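# Descriptive analysis of the structure
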Amino acid sequence: MNKTVNPTDLQLDDDGPLYAARKKVYPQSVSGSFRRTKWGLMAFCLGVYYLLPFARWNRGLGAPDQAVLVDLPNSRFYFFFIELWPQEVYYFTGLLIVAALTLFLMNAVGGRIWCGYLCPQTVWTDLFYAVERWVEGDRRERMRKDAAKGTITFRRAGEIALKHSIWLMIAWWTGGAWVLYFTDAPTLVWQLLTFQAPMIAYIWIGILTATTYIFAGWMREQVCVYMCPWPRIQAALTDEWALNVTYKYDRGEARTSLKKATDLRALGQPVGDCIDCYQCVAVCPTGIDIRNGPQLDCIQCGLCIDACDTVMTKIGRETRLIGYDNDINIHRRQEGKPPIYRIVRPRTITYAALIAAVGAVMLYALLTRSLLDINVLHDRNPVAVKLSDGSIRNAYTVRLLNKRGFDRVIAIDADGPINATLHVVGADSVTQDRPMIILARDTTTELRLLVTAPAENNPEKSVPVHFRVTDIGLGEVASATDHFVSP
Amino acid sequence: MTEHSDIDHVSGRATTGHEWDGIKELNTPLPRWWVITFYLTILWAIGYWIVYPAWPLLWSHTTGIWNYSTRAEVATDLANLEKIRGDKMVALGAASLEEIEKNPALLALARARGKTVFGDNCAPCHGSGGAGAKGYPNLNDDEWLWGGSLDQIMQTIQFGARSGHQKAHEGAMLAFGKDGVLKKDEIVTVANYVRSLSGLPTAAGYNAAAGAKIFADNCASCHGENGKGNQELGAPNLTDKIWLYGSDEATLVETISNGRAGVMPAWVGRLDPSTIKALTVYVHSLGGGK
């Protein structure tokens, strides 16, 4: 791959600019199995993103009936049958861990599948390219039109305007769909149409319209190459077994033109399959030459495979000169051994097991999630108070959580070796010496709880106290342990 | 720049000429938009100098063309806070003390507001949690010099004790020793008698009958015949386990000899009525309120 370099191209003297001008990429349209997969995944991802806010889920009276909703004002997150409170943020931690491990697993199995097929940057850039191709034509036409910059015709100006308006419309609806996840979607759509939506909605739509338009329309592959940390990270996560989009140079080299190759073959001389047609470069959305080997700029979308397969079919050679392959097989083929693939190996098993383990823990936590909860905080100033009759009193700040969608009556008990009496400041009622509290639905309630131990039961120092709350109607119980302290 | 025109033979590209452990760095210039963004941030910073206060001068600073000031911002925020608080504090002012305690929303508001005001105004003497100190009552317990009902607490907060306000609680412990009313040995005797009232051990050989006599003659008028105290006069109950200044003999002798007259300031006029209400409810809810 040694190229002859003309030193004047290298901007070596001080007069040269401090930057490298971007070389615009003009990906050519291509068809094939990977392109079809990409279309399918694009439709799926965009479909989910744009339509999910409109999915409904009946949660009963007074609760939102949007399937996926981030309810910031009320600090709740709803996902179908799941309702999460802010203090249950560990579910999101779990979700992020699973997401990271899934990314690792995908990487160990098939390289940067995420980059090539699923990453929002890829999906939207691909969509924007499709629009550009539809308005301005394919690679050659676009290159020709861009080259003729000086002579902008009326028709050309119209094309540019049309392209950018379609881009902006997509970007605008992308920002709009984002906002729909944070409030009741149909209501907000109506408010947006009648210009009555809250200012914050317009601001966020504006921000996301701008980012989508700039990232997918203008920055494109530069986001992947210059901004995204994932290519750098994934290089450390891959191994020789991972399938990557690979140019099989053992088969392709020495490359030569189709005519020369035919001649040489006729003479029985060894020659590679690559005919140097540059179709793999023409279709590449990041503008690289896959034949230079694995490289950071390659997002592994597989479009070069489709392009190369088309050419190979046309010239009657075997397809998959470029294909998903691992590092081992190139050397094995050179040694005349059959290729081997190993999806199941310690690395993938480990990732899969970790995903299963974290998933199981999350599922367990979700299924056994308590709908009644109590947190107790011992007052520290003062820790204990001596009353006039010699008894000792400790005060606690108690937070009760009612995660059910209805009000309920709760009794509070304190079990311990001190035979204490309880008093709740502002208690609704007291039945059989138990303070009774009405917990409003789907809220937390903070109480000041006073625990008094009679003089004859004064503990020497600190003794444990178990606080128990009981739902009088359902019998649901939650408890917490703290200490009772003597001065 | 000939020393930089070193070309990497693998990639065919120029290197920066820097070399570490035999590894050379390719000269990969930044993309144009990135460089432009960098220059824009510099312009942005210059814009900041012009718009906002930025440069310290010898005795002042550049004020910026917007006359921005964090202090003014805080003042605006505080004014807005008062406005936001307005309705709720009005509701607090309109409700009676008992109503506030029975209404969870008002109780939470009063306790939150009361805690803040307590920290600002009361904590220096009574402690941040109201635990008190020697000479400054613990507000968490159930011993009240001037009464622990909601109304009595509010009365005390509003006008104080011996504060100089005309509605303030008056009444002081007399200085029986300094004023020559009781002799030293009589004071020791009555101090032991007072200890016996709350079940504390007395000194060996102390004359209980003499103590009772001295008490009846000098102390019972304020503290009551049984030493149960009198909240009208702020005379503490001497039979319970709580002692404002301490219950050991030396402290009692000191108290009886020189008297006590701690001062609680009047807060009326310094705190607005609804704030005093919130403070009352907060103190009452500390646990000792009757």
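Residues numbered from 1 in each chain as written. Chains lettered and ligands numbered in written order. Predicted model: local features only at pLDDT ≥ 70, side-chain atom pairs only at ≥ 80, totals over all residues. Heavy atoms only, no water.

## Digging into the overall build of chain B
To keep things clear, this is the line we draw: Each helix corresponds to a stretch of at least 4 residues labelled H or I by DSSP, and each strand to a stretch of at least 2 residues labelled E; elements are numbered beginning at the N terminus. The globule rule used for comparison is 2.2 Å times the number of residues to the exponent 0.38, while the radius of gyration itself is calculated over C-alpha atoms. Only heavy atoms enter the contact rule, under which two residues are in contact if any of them lie within 4.5 Å. The method behind every accessible area is Shrake-Rupley, applied with a 1.4 Å probe, and residues are considered shielded solely by the protein chains displayed. Counting rule for charge: Lys and Arg are taken as positive, Asp and Glu as negative, and neither His nor the chain ends is counted. Every charge is mapped onto a representative atom, which is NZ of Lys, CZ of Arg, CG of Asp or CD of Glu.
The secondary structure content of chain B amounts to 10 helices and three strands. Each helix (α) and strand (β) of chain B, taken in turn from the N terminus, gives the series β-β-β-α-α-α-α-α-α-α-α-α-α. Compactness check: chain B gives a C-alpha radius of gyration of 35 Å against a globular reference of 19 Å for 290 residues, more than 25% above the reference. Each principal axis of the C-alpha distribution contributes one length, and for chain B these read about 115 × 55 × 45 Å. Within chain B, residue pairs in contact and separated by at least 24 positions form 56% of the contacts whose partners lie at least 6 positions apart. Per element, the accessible surface of chain B, about 16900 Å² overall, is 59% carbon and sulfur. Where the 25 positive side-chain charges of chain B centre and where its 30 negative ones centre are 4 Å apart.

## Topic: the confidence of the model for chain B
Defined as follows: Per residue, pLDDT measures the predictor's confidence, with a range of 0 to 100.
Per-residue confidence for chain B gives a mean pLDDT of 91; residues scoring 70 or more make up 98%. Both confidence scores are given for the complex: pTM 0.73, ipTM 0.74.

## Some remarks on helix α1 (residues 33-51) of chain A
All names here are of chain A. Test applied: Expected helix span is computed as 1.5 Å times (number of residues minus one). Each residue is assigned to one of three classes by its accessible area relative to the maximum for its type, calculated with a 1.4 Å probe on protein chains only: buried under 20%, partly exposed between the two thresholds, exposed over 50%. Throughout, the arc means that of the directions going from the helix axis to the C-beta atoms.
Taking 1.5 Å per residue as the helical rise, α1 with its 19 residues ought to reach 27 Å, and the 27 Å between its terminal C-alpha atoms agrees with that figure. For α1, the set of buried residues is F34, R35, K38, M42, L46, Y49 and Y50. In a view along the axis of α1, the buried residues occupy a sector of 115 degrees, so they form one face of it. Residues of α1 that are exposed and angled more than 90 degrees away from the buried face: R36, A43, F44 and L51. Where the residues of α1 are buried, they touch α3 (113-118), α4 (120-136), α6 (154-180), α14 (303-314) and β6 (322-325).

## Focus on the sheet that holds strand β12 (residues 429-431) of chain A
Residue and element names in this part refer to chain A. So the rule is basically this: Two strands make a pair as long as DSSP finds a minimum of two bridges between them. With axes taken as lines fitted to C-alpha atoms, and helix axes fitted only over the stretch in contact, angles between N-to-C directions fall between 0 and 180 degrees.
The five strands lie next to each other as β12-β13-β10-β15-β16, forming an open sheet whose pairing is antiparallel. Each having just a single partner strand, β12 and β16 (477-485) make up the two edges of the open sheet. Averaged over neighbouring strand pairs, the angle between their axes works out to 30 degrees when direction is ignored.

## A few points about the environment of G234 of chain B
Inspection of the secondary structure puts G234 of chain B in the loop between α8 (208-223) and α9 (249-258). Sequence spacing of G234 of chain B and A133 of chain B is 101 residues, and the spatial spacing of their C-alpha atoms is 18 Å.

## Topic: the pairing of strand β5 (residues 244-247) of chain A
Residues and elements named next belong to chain A. Burial along β5 is two-sided: the residues N244 and T246 and V245 and Y247 are all buried. The sheet contact formed by β5 and β6 spans four bridges and is antiparallel. What sits directly across from T246, in β6, is G323.

## Some points on the packing of aromatic side chains
Two aromatic rings are characterised by how far apart their centres lie and by the angle between their planes. Applied cut-off: The pairing test for Phe, Tyr and Trp rings, Trp by its six-membered ring, is centres within 6.5 Å, and the orientation test on the planes gives stacked under 30 degrees, edge-to-face over 60, and tilted for anything in between. In this scheme, the term charge over a ring applies when either NZ of a lysine or CZ of an arginine sits within 6 Å of the ring centre and within 35 degrees of the ring normal.
Applying the stated criterion across every chain, the model contains 25 aromatic pairs over all chains. Arranged with centres 5.1 Å apart and planes meeting at 65 degrees, the rings of F77 of chain A and F92 of chain A form a pair that is edge-to-face. A residue pair is termed long-range when its members are at least 10 positions apart, and F77 of chain A in strand β3 (residues 76-79) and F92 of chain A in helix α2 (residues 90-110) qualify at 15 residues. When its relative accessible area of 18% is taken as the criterion, F77 of chain A is described as buried. With a centroid separation of 5.0 Å and an interplanar angle of 40 degrees, the aromatic rings of Y90 of chain A and Y91 of chain A are classed as tilted. Here the aromatic cluster, defined as three or more aromatic residues joined through ring pairs, consists of W44, Y48, Y52, W66 and Y68 of chain B. Its end group placed over the ring of W39 of chain A, R35 of chain A keeps NZ or CZ at 3.8 Å from the ring centre.

## Details of the interface of chain B and chain A
How big an interface is tends to be stated in terms of accessible area lost as the parts join. Heads up, the rule is: When two parts are put together, the accessible area they lose, computed with a 1.4 Å probe and summed over both, is reported as buried area. Definition used for salt bridges: Asp or Glu carboxyl oxygen within 4 Å of a side-chain nitrogen of Lys or Arg. Under this definition, polar contacts are N or O atom pairs within 3.5 Å; protein pairs additionally need one hydrogen-donor-capable and one acceptor-capable atom, and for neighbouring residues in sequence, both atoms have to be side-chain atoms.
On the chain A side, the residues contacting the 34 residues of chain B number 28 residues. Interface area, chain B with chain A, both sides summed: about 2700 Å², of which 59% is carbon and sulfur. For the pair chain B and chain A, the number of links is zero salt bridges. Across the chain B-chain A interface, the total number found is eight residue pairs in polar contact (both at pLDDT 80 or more). By residue number, the principal contributor to the side of chain B that touches chain A is helix α1 (residues 32-51) of chain B, which donates five residues.

## Let's talk about helix α15 (residues 327-334) of chain A
All names here are of chain A. Every buried residue of α15 is listed here: I328, N329, I330 and R332. The secondary structure elements touched by the buried residues of α15 are β5, α11 (249-252) and β6. Note on α15: the residue one or two positions beyond its end, G336, has a positive phi of about 80 degrees.

## Regarding unusual backbone geometry
The omega angle of the peptide bond from E253 of chain A to A254 of chain A is -5 degrees, so this bond is cis rather than trans. In this structure, A254 of chain A sits in the loop between α11 and α12 (258-266). Following N381 of chain A, the chain continues into P382 of chain A via a peptide bond in cis, with omega recorded as 0 degrees. For P382 of chain A, the position within the fold is in the loop between β7 (372-378) and β8 (385-386). Of note, F195 of chain A is a non-glycine position whose phi angle comes to about 55 degrees, a positive value. Positionally, F195 of chain A belongs in the loop between α7 (185-193) and α8 (199-219). Positive phi, close to 45 degrees, is recorded for D21 of chain B, a residue that is not glycine. Structurally, D21 of chain B can be placed in the loop between β1 (15-20) and β2 (23-26).

## Describing the sheet that holds strand β2 (residues 68-71) of chain A
Residue and element names in this part refer to chain A. A sheet is described by the order of its strands in space; here three strands give the open sequence β2-β3-β4, paired in antiparallel fashion. Sheet topology places β2 and β4 (82-84) at the edges, where each strand pairs with a single neighbour. For this sheet the average axis-to-axis angle between neighbouring strands, irrespective of direction, equals 10 degrees. The pairing of β3 with β4 spans three bridges and is classified as antiparallel. By the bridge assignment, F77 is partnered in β4 with L84.

## Let's talk about the pattern of salt bridges
Residue and element names in this part refer to chain A. Per the stated rule, a full pass over the model turns up 46 salt bridges over all chains. One salt bridge connects E221 with R22, and the closest N-O pair in it is separated by 3.0 Å. Taken together, the positions of E221 in helix α9 (residues 221-227) and R22 in the loop between β1 (19-20) and α1 put the pair 199 residues apart, joining distant regions of the chain. Across the pair R320 and D309 runs a salt bridge, and its minimum N-O distance is 2.7 Å. Pair noted here: R320 is in the loop between α14 and β6 and D309 is in helix α14, with a separation of 11 residues, a long-range link. Here R320 falls in the partly exposed class, since its relative accessible area comes to 32%. When salt bridges with common partners are traced through the structure, they connect K24, E132, E136, E141, R142, K145, D146, R155, R156, E159, K163 and R220 into a single cluster.

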